[in-house]
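Overview (structure and organization)
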Amino acid sequence: MGDETEKKLQSHAKVVIIGGGVVGCSILFHLAKFGWKDVVLLERNELTSGSSWHAAGQIHTISSDPNISRLQGYTINLYKEIEETSGHSVGMHNTGGFYLASNRDWYDYLKRERSKARYMGLDQEFISIEEAARRHPLIDPSHYMAALWDPLDGDIDPSGVTYAYAKAARVHGGTYHTHTPVLETNQRPDGSWDVVTEKGTINAEMIVNAGGLWAREVGHLAGLHLPVQPMEHHYLITEDIPEITQREERLPAGIDYEGNIYFRQERGGMLLGTYEPRATPWSLAGTPQDFGHELLEPKLDNIADRLEIGFARIPALGKVGIKNMINGPFTFGPDGNPMIGPVPGMKNYWVAVGVMAGFCQGGGVGLCMAEWMIDGEPSIDVWAMDVARFGDYASPDWGTVKSSENYERRFVMTFPNETLPKGRRQQTTALYDRLVARGAVMGDAYGLESALWFADGPDDAHEEATFRRSRAHDYVAKEVAGVREHVGAIEIANFAKHEFAGKDARGFLDHLLAGRIPAPGRLSLTPMLTEKGKLYGDLTVACLDDDHFYLFGSGVAQNMHRRWFERHLEGFAGDVRYANRSENWHGMAISGPKSRQLLSRLVREDVGPEALKFRDVRQTFVGGVPAMLLRVSFSGELGYEIYVAPQYQIRLFEAIEDAGADLGLRLYGGRALMSMRLEKNWGAWTLDFRPDFTAAESGLDVFIDWSKDFIGKAAAEAEAKAGPRKRLVTMTIETDGIDVSNDEAVFADGQAVGYVSSGGYAHHVGKSMALGYVPVEYADDGTALEVEILGELCPAKVVGRPLYDPNGGKMRS
Ligand SMILES: Cc1cc2nc3c(=O)[nH]c(=O)nc-3n(C[C@H](O)[C@H](O)[C@H](O)COP(=O)(O)OP(=O)(O)OC[C@H]3O[C@@H](n4cnc5c(N)ncnc54)[C@H](O)[C@@H]3O)c2cc1C
């Protein structure tokens, strides 16, 4: 391999990538291809000296996140290009492959996948079981009820792919050095990094941790503790199987979810791998520096039951011997998806770690990283892979627990209403035990527990995992009725709170946010845009004083927003102090027609409609504790958000409960809130509002202040002039006992034209509803559409005006 090992290291580079596995090499390739030539990859040993060399090499497009699926499609389609550019074979076998369902639930799951694939441009189709058995005569069809075929699936040679990326990168002008371990990464005061090796030091404007199996150790060099964990993983290769050696055509690849196995042809035999139900995290204390091209001792007992299933479903496997048993480690992130992008709180430090399916995802990761570095933003929403979806709570210990859970659940179905059990109670508020005692079914987001819905006491607090409406449905209905008819209270610790102070804070926010910045004592809603006019936030701005502001937004996006704010503050000369205060403010929201009456019992001052107007904010005392009081609500009712420091949370809660008892106060959870906003046609961040869409497409352009200059204005103006091509619409859907669970295809005139971004049951108006993006010609009020739910096309209709309180009179009352 003719790399640049013998060459002297350069003293400066725009980017140094640490790690020559498939991920690092793909990033090098994409950066060089897109025009950044001053880019160097450093590899401690030979390329592919981590998990990349012993991968099973199976490739497929299916993923829980649609954008990751799309990027997996991109990755597979890229292989031809890197092979041609590099002249190095990637050993690709484009056999096609199928996902097999052996029970009803998995069949439903596959129907959902196919629905997603429709608008992602992926070509998945169901084939009959007979056809599946014809294409793969070794499977026993009696086990299966459905097969979803994807022509892109197949297998590659892992080492070939990695070298092809590296060599193709070199063709484009990139450089890599093998046998060059990075010993230190030290940041200079100017924000650049000195990357220290035995062969010299490179001063880099940016560095990328693509350390794979050593991601943790490479992170430690910069004081970063990543929540990723290598896991042991087995696959076996059989001796030659006569049915295969006698065939001319190569067998397709396959995944049998319930059987928990994946399989493909390997020379004259078969390769079969499994994600065992009890994960084995490898080397908790850290990956040894001298670990290289060795494998781990196979632990047959761990996978014996899975193999038995495999042998039953593919009987030919049991008739020949096992030639090779591989146990190799590879690194998982806490939710099984990669962690990529600039690390919040660090300058010029990027990661691309926890990539557990590097041969399916490596190309997409490289693409997004390169776009992000060069253009300042990736071309599609990478939220599902963004390192910022985790925060400080994501400790290495928590990472090990969650990574193990995700390993174990790789082929286990997660239903839309299911919450995962491990790593729970990582962050709780003072109310946790009380809410549970009152029957709360808790969920966690960004590591913080919050109530999803309330059962009739702790013994009743359970829910079956299902695609259809669960027993929670009737309880949520009662919560919604409580809010709509009387008054409800919900904990809102899980909203993000960002504080800006200083004499130039207003000027900074005015440029950062597309909407109007309110006067002291007032609130405004505003989109935040990228330079390309994509949504990067929908935020509530509170002006406490002319030089003091709070921004309220999505709790899970707090670290992503923090990174955005800090990045823009870097180039800002004025006096602005910023802090993410999400953990410093917990609180409760109360809403419903009797919420003013309840509030008036908790405060000394006048909170009448003239004294505390819709969109007023006040620093005051509520329930006898210092509070930030906002007159807004996400339920569509008259309502208030009351933020207090965490140590006052119990006092506030008790005060609300005591004062609300005779008003019919009902506690409600996140599900009821999400139901109520549906009948108001309101979108939510990460679902309906995200960087895949623009202000005009999402309808958030109504909040833009066109009279001022702001980030993304040129792009937003251009779009306003041309008109958006798609739009977010709200739909009612005719269904029976089931609602959308996001990502379903939307049909018009028999064609998939869009997709559902969120939805559920709107309890007050008694309708199944969804929000989704469709081409503008299908966005008018009353347009008849269809939504594909578990394979069935359900009639849907666009509702242009909210079904509940369309003029917002109740909220403003
Ligand atoms: C048994 C098994 C089967 C698998 N099957 C599949 C499959 O079928 N399909 C699929 O898509 N994926 C599969 N995978 C997963 C796949 O192998 C990984 O997703 C992929 O290898 C991750 O690549 P990476 O570049 O992130 O990490 P790695 O391959 O671990 O690369 C990291 C590199 O960084 C280098 N490095 C570390 N520290 C330093 C330092 N200080 N200085 C310089 N260099 C450093 C290392 O030497 C190494 O080469 C499998 C993995 C295993 C173990």
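Residues numbered from 1 in each chain as written. Predicted model: local features only at pLDDT ≥ 70, side-chain atom pairs only at ≥ 80, totals over all residues. Heavy atoms only, no water.

All right, on to the overall build of the chain then. Counting secondary structure elements, the chain contains 20 helices and 37 strands. When its C-alpha atoms are laid out on the principal axes, the chain stretches across 85 × 65 × 50 Å. Counting all 813 residues of the chain, 63% fall into the buried class. Residue pairs in contact within the chain that sit at least 24 positions apart in sequence constitute 72% of those at least 6 positions apart. Per element, the accessible surface of the chain, about 29600 Å² overall, is 48% carbon and sulfur. Positive and negative side-chain charges in the chain, numbering 83 and 111 respectively, have mean positions lying 4 Å apart. (Helix = DSSP H or I, 4+ residues; strand = E, 2+ residues; numbered from the N terminus. Buried < 20%, exposed > 50% of the residue type's maximum accessible area, 1.4 Å probe, protein only. Contact = heavy atoms within 4.5 Å. Areas by Shrake-Rupley, 256 points an atom, 1.4 Å probe, with all protein chains shown as cover. Lys, Arg positive; Asp, Glu negative; His and termini not counted. Charge placed at Lys NZ, Arg CZ, Asp CG, Glu CD.)

Around the ligand, the structure places 38 residues, and the nearest of them are Glu 43, Arg 44, Ser 52, Val 355 and Gly 358. In this structure, an oxygen atom belonging to the ligand sits 3.0 Å away from a main-chain N or O atom of Val 23. Measuring from an oxygen atom of the ligand, one finds a backbone N or O atom of Leu 213 at 3.1 Å. In isolation the ligand exposes 1000 Å². Once the protein is present, 97% of that is buried. Those elements giving two or more residues to the shell around the ligand turn out to be helix 1 (22–33), strand 12 (229–238), strand 16 (322–332) and helix 9 (358–375). Considered class by class, the residues forming the shell around the ligand number 20 nonpolar, 16 polar and two charged. (Near = heavy atom within 4 Å. Polar contact = N/O pair within 3.5 Å; in protein donor to acceptor, adjacent residues only side chain to side chain. Nonpolar A, V, L, I, M, F, W, Y, C, P; charged D, E, K, R; others polar.)

Our next topic: unusual backbone geometry. For Asn 260, which is not glycine, the phi torsion reads 65° and is therefore positive. Turning to its location among the elements, Asn 260 is positioned in the loop between strand 13 (253–256) and strand 14 (261–266). Residue Asn 260 is classed as buried on the basis of its relative accessible area of 4%.

Within this structure, the stated rule accounts for 49 salt bridges. A salt bridge links Glu 205 to Lys 14, with the shortest nitrogen-to-oxygen separation between them at 2.9 Å. Placement of Glu 205 in strand 11 (residues 200–209) and of Lys 14 in strand 1 (residues 12–18) is noted, with a sequence separation of 191 residues between them. Residue classification places Lys 14 among the partly exposed residues on the basis of a relative accessible area of 23%. Each of Arg 114, Arg 118, Glu 125 and Glu 788 takes part in salt bridges that share partners, so that together they form one network. (Salt bridge = Lys/Arg side-chain N within 4 Å of Asp/Glu carboxyl O.)

With that settled, consider the packing of helix 12 (residues 472–485) against helix 17 (residues 670–678). The packing of two helices is summarised by the inter-axis angle and the distance between the axes. Where helix 12 contacts helix 17, the two axes come as close as 9 Å, and the packing angle between them is 65°. With respect to their mutual orientation, helix 12 and helix 17 come out roughly perpendicular. The hand of the helix 12/helix 17 crossing is right-handed. Of the residues in helix 17, those touching helix 12 at Ala 472, Val 476, Glu 479, Val 480, Val 483 and Arg 484 are Arg 671, Ala 672, Ser 675 and Met 676. Here the contact of helix 12 with helix 17 is composed, by residue class, of six nonpolar, one polar and three charged. (Axes fitted to C-alpha atoms, helices over the stretch in contact; angles between N-to-C directions. Parallel < 35°, antiparallel > 145°, perpendicular 65-115°, else oblique. Left-handed = near helix turned anticlockwise from the far one by under 90°.)

One finds Ile 17 and Phe 500 to be the most contacted residues of the largest nonpolar core, which totals 147 residues. In terms of residue count, helix 9 provides more of this core than any other element does, nine residues in total. Look past the residues within four positions of Ile 17 in its chain and what remains in contact with it is Gly 24, Ile 27, Leu 28, Leu 31, Val 39, Val 40, Leu 41, Leu 42, Val 208 and Ala 210. Core analysis: the next-biggest nonpolar cluster, separate from the first, contains 33 residues, Leu 224, Val 228, Tyr 349 and Val 353 among them. (Core = buried A, V, L, I, M, F, W, Y, C linked by side-chain atoms within 4.5 Å.)

Among the six residues of strand 15 (residues 269–274), six are classified as buried, and the element is accordingly described as predominantly covered. Across four bridges, strand 12 lies against strand 15 in antiparallel orientation. Paired with Leu 236 across the strands is Leu 272, a residue of strand 15. Note: strand 14 against strand 15, six bridges, orientation antiparallel. Of the residues in strand 15, the one forming a bridge with Glu 266 is Gly 269. With antiparallel pairing between neighbouring strands as the criterion, strand 14 and strand 15 make up a hairpin whose turn holds two residues, including Arg 267 at a positive phi of roughly 50°. (Pairing = 2+ DSSP bridges.)

Taking 1.5 Å of rise per residue, twelve residues should cover 16 Å, and helix 16 (residues 649–660) covers 16 Å from first to last C-alpha, within 8% of that figure. Considered for burial, the residues of helix 16 that qualify are Gln 649, Leu 652, Phe 653, Ala 655, Ile 656, Ala 659 and Gly 660. All buried residues of helix 16 lie within an arc of 160° about the axis, which places them on one face of the element. (Expected span 1.5 Å × (residues − 1). Arc of directions from axis to C-beta.)

Let's shift gears to the sheet that holds strand 30 (residues 639–644). Backbone-to-backbone hydrogen bonds join strands into a sheet, with any given pair of strands oriented parallel or antiparallel. If you trace the six strands from one edge of the open sheet to the other, you get 28-29-30-27-21-31, paired in mixed fashion. Unpaired on one side and paired on the other, strand 28 (617–622) and strand 31 (665–667) mark the two borders of the sheet. Strand-to-strand twist across the sheet, computed as the mean angle between neighbouring axes with direction ignored, equals 25°. Bridge analysis of strand 27 (residues 586–591) against strand 30 gives six bridges, and the strand direction is antiparallel. What sits directly across from His 586, in strand 30, is Val 644.

Pairing within the open sheet is antiparallel, and its five strands lie in the order 23-24-25-22-26. For this open sheet the edge positions go to strand 23 (523–529) and strand 26 (577–580), each flanked by a neighbour on one side alone. Sheet twist, expressed as the average angle between the axes of neighbouring strands with direction ignored, equals 25°. With seven bridges joining them, strand 23 and strand 24 (residues 535–545) adopt antiparallel strand pairing. Paired with Leu 529 across the bridge in strand 24 is Leu 535.

So, on to the environment of Asp 538. In this structure, Asp 538 sits in strand 24. Looking at Asp 538, the relative accessible area reads 26%, which means it is partly exposed. In this structure the C-alpha to C-alpha distance between Asp 538 and Gly 154, which are 384 residues apart in sequence, comes to 41 Å. Once residues within four sequence positions are removed from consideration, Asp 538 is found in contact with Thr 526, Pro 527, Phe 552, Gly 553, Trp 685, Phe 689 and Leu 700.

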